[in-house]
Amino acid sequence: MDVSAVDGLAGLALEELRVLRRDALQQEADLSYLRRLLHGRMDILRAELQRREVPLAEAGEERAALLDRLPAILADAPSANRRPARHLTLGPPRGERYRREADALMGDVQLADLAAHPTADLLAAIERLDEHQREVSGRRSALQRTADDCGAEITRRYREGEARVDDLLGGG
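Residues numbered from 1 in each chain as written. Predicted model: local features only at pLDDT ≥ 70, side-chain atom pairs only at ≥ 80, totals over all residues. Heavy atoms only, no water.

A. A look at the nonpolar core. Counting residues in hydrophobic clusters, the biggest one holds 25 residues, and the most contacted among them are L34, L38, L45, V109, L114 and L129. If you list the elements that add at least two residues to this core, you get α1 (14-53), α2 (66-74), α3 (97-105) and α4 (119-159). Looking at which element gives the most residues to this core, the answer is α1, with ten residues. Grouped together as the second largest cluster of nonpolar side chains are eight residues, L9, L17, L20 and A163 included. (Core = buried A, V, L, I, M, F, W, Y, C linked by side-chain atoms within 4.5 Å. Buried < 20%, exposed > 50% of the residue type's maximum accessible area, 1.4 Å probe, protein only. Helix = DSSP H or I, 4+ residues; strand = E, 2+ residues; numbered from the N terminus.)

Encoded structure:
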């Protein structure tokens, strides 16, 4: 079922609503994974750009090998945005598609050898990743709305007596 364009949820059967909600949540989890990959790559590229700004004479932790600093670079800072918590699937998506997509957006820039690339290439890669990340965020928001709308419709049906818990429990 196409999750991207859902109108008339009231006209769907209860099982169709559940399938649509489940598909929307799985696709949202997949896009969440892709978004985390994109953010991780952008954070690594930005850290390399910052490393380049520190003169060798002032070298210290800032000039330390990027690999040694990865845990700090990739650590999540607390979010300033206060939104309701949403269940996130922490496993990888259903396929390798998203990892390949994130890798392709890097262009010629390879994470394993960032020092070999000019600053302009790193900046262009960040721009590509950020643009795609914004598009992915929009798709995620639409999927979240679809899942929420399906959940609200299912709840409405139970609340108003159009669906019964006995039918769910009895398999009918």
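B. How the structure looks around the side chain of Q144. If you trace the backbone, Q144 turns up in helix α4. Here E28 takes part through its side chain, which lies 3.0 Å from a polar atom of the side chain of Q144. (Polar contact = N/O pair within 3.5 Å; in protein donor to acceptor, adjacent residues only side chain to side chain.)

C. Looking closely at the pattern of salt bridges. On inspection of all chains with the given rule, the structure shows eleven salt bridges. R140 is paired through a salt bridge with E28; the nearest N and O atoms lie 2.7 Å apart. Linking R140 in helix α4 with E28 in helix α1, this pair joins segments that are 112 residues apart in sequence. Like R140, the residue E28 is buried in the burial classification. Among the salt bridges present, the one from R156 reaches E160, with a minimum N-O distance of 2.8 Å. Here the salt bridges do not stand alone but share partners, grouping E153, R156, R157, E160 and E162 into one network. (Salt bridge = Lys/Arg side-chain N within 4 Å of Asp/Glu carboxyl O.)

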